[in-house]
Amino acid sequence: MSFKFLPDIAIADIAFEVTAPTLNKLFEEAAMACSDIMVDPKTVKAKVKKIIKLKADNLDNLLLDFLNELVFLKDTKGLLFNKYFIKVDEKLFSLTAVATGEKIDRKNHDLRNDLKAITMHMFILEKRGKQWYNRIIVDI
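## Side note on the packing of helix 1 (residues 23-38) against helix 2 (residues 59-77)
What describes two packed helices is the angle between their axes and the distance between those same axes. Interhelical geometry of helix 1 versus helix 2 gives an angle of 35° and a closest axis separation of 11 Å. Of the two elements, helix 1 crosses helix 2, and the hand of that crossing is right-handed. Within the contact between the two elements, helix 1 uses L23, L26, F27, A30, A31, C34 and M38 and helix 2 uses L59, L62, L63, F66, L67, L70 and K74. Considered class by class, the residues forming the contact of helix 1 with helix 2 number 13 nonpolar, no polar and one charged.

This is how it looks when you write it as structure tokens:
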């Protein structure tokens, strides 16, 4: 796992940071961190495949929009995901993601927090040497 939670950053919310060798992997790991906040991903089966295509005006907004789309799918369709395959186009600020998971099942899923939104508070997305770095605070 290449994300870690930051318990001392936000007392009423949850903060995490992600490091990854590629932008694709960073988006995947940030999505997994969000899934991990909502549910134990090991309890989610790959029954549904959701294709997500997004375009934004910059990489920051692309990541924020993508993660907020996961929250939207949880809230409107009752979907939780346990795996992501993401292709980011850095020049066009677009992505195609394939997320696998299933509908919320309170009997079989180890539900955790109700993630409400991805925030811009203390948000960082940047390349540091050969690694991509991201810090996010989410509203729960």
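## Details of the packing of aromatic side chains
Counted under the stated rule, the structure contains four aromatic pairs. The ring of Y133 carries R128 above its face, with NZ or CZ at 3.7 Å from the centroid.

## With respect to the nonpolar core
Formed by 44 residues in total, the largest nonpolar core has its most connected members in F16, F27, L63, F66, L67, Y84 and I118. Taken together, the elements giving at least two residues each to this core come down to strand 2 (14-20), helix 1, helix 2, strand 4 (79-89), strand 5 (94-103) and strand 8 (131-139). The dominant element in this core, judged by the number of residues it contributes, is helix 1, at 10 residues. Beyond its immediate chain neighbours, meaning those up to four positions away, L63 contacts L26, F27, A30, F123, L125, N134 and I136.

## Quick word on the environment of P21
Residue position: P21 is located in the loop between strand 2 and helix 1. Judged by its relative accessible area of 53%, P21 is exposed. Remark: the alpha-carbon pair of P21 and D110, spanning 89 residues in sequence, is separated by 30 Å. When sequence neighbours within four positions are dropped, the list of residues in contact with P21 reads K130, Q131 and W132.

## Things to note about the side chain of T100
The topology assignment puts T100 in strand 5. For T100, the contacting residues outside a window of four places in its chain are A46, V48, K49, L80, F81, N82 and K83.

## Some words on the sheet that holds strand 4
With respect to topology, three strands assemble into an open sheet ordered 3-5-4, the strand pairing being antiparallel. Each edge of the open sheet is held by one strand with a lone partner, namely strand 3 (48-55) and strand 4. Each adjacent strand pair in this sheet contributes to an overall mean axis angle of 20°, direction not counted. Lying on the sheet, helix 2 is in contact with strand 3, strand 4 and strand 5; it crosses strand 4 at an angle near 155°.

So, how was this worked out
- Every chain's residues receive numbers from 1 upward, in the order its sequence appears when written.
- Under the rules for a predicted model, residues below a pLDDT of 70 receive no local features and side-chain atom pairs below 80 are neither given nor counted, while totals for whole chains, interfaces and linings still include all residues.
- Excluded from the side-chain calculations are hydrogens and water; all other atoms, namely the structure's heavy atoms, are used.
- Axes, fitted as lines to C-alpha atoms, cover a helix only where it is in contact. Angles between the N-to-C directions of the axes lie from 0 to 180 degrees.
- Think of it this way: any DSSP run of H or I at least four residues long counts as a helix, any run of E at least two long counts as a strand, and we number them from the N terminus.
- Take the far helix as your reference; a near helix turned counterclockwise from it by less than a right angle gives a left-handed crossing, and one turned clockwise gives a right-handed crossing.
- Residue contacts follow a heavy-atom distance rule, with two residues in contact if any of their heavy atoms lie within 4.5 Å.
- Residues are sorted three ways: Asp, Glu, Lys and Arg are charged, Ala, Val, Leu, Ile, Met, Phe, Trp, Tyr, Cys and Pro are nonpolar, and all the rest, Gly among them, are polar.
- Stacked, tilted and edge-to-face are the three classes assigned to paired rings of Phe, Tyr and Trp, where Trp is represented by its six-membered ring and a pair needs centres within 6.5 Å; plane angles under 30 degrees give stacked, over 60 edge-to-face, the rest tilted.
- A positively charged side chain is recorded as over a ring if its NZ (Lys) or CZ (Arg) lies within 6 Å of the ring centre. The angle to the ring normal must also be within 35 degrees.
- What makes a nonpolar core is a set of buried Ala, Val, Leu, Ile, Met, Phe, Trp, Tyr and Cys residues whose side-chain atoms join them at distances within 4.5 Å.
- Exposure is judged per residue with a 1.4 Å probe applied to protein chains only, and the accessible area is read against the type maximum: over 50% gives exposed, under 20% gives buried, and values in between give partly exposed.
- Strands were regarded as paired on the criterion that DSSP finds at least two bridges between them.

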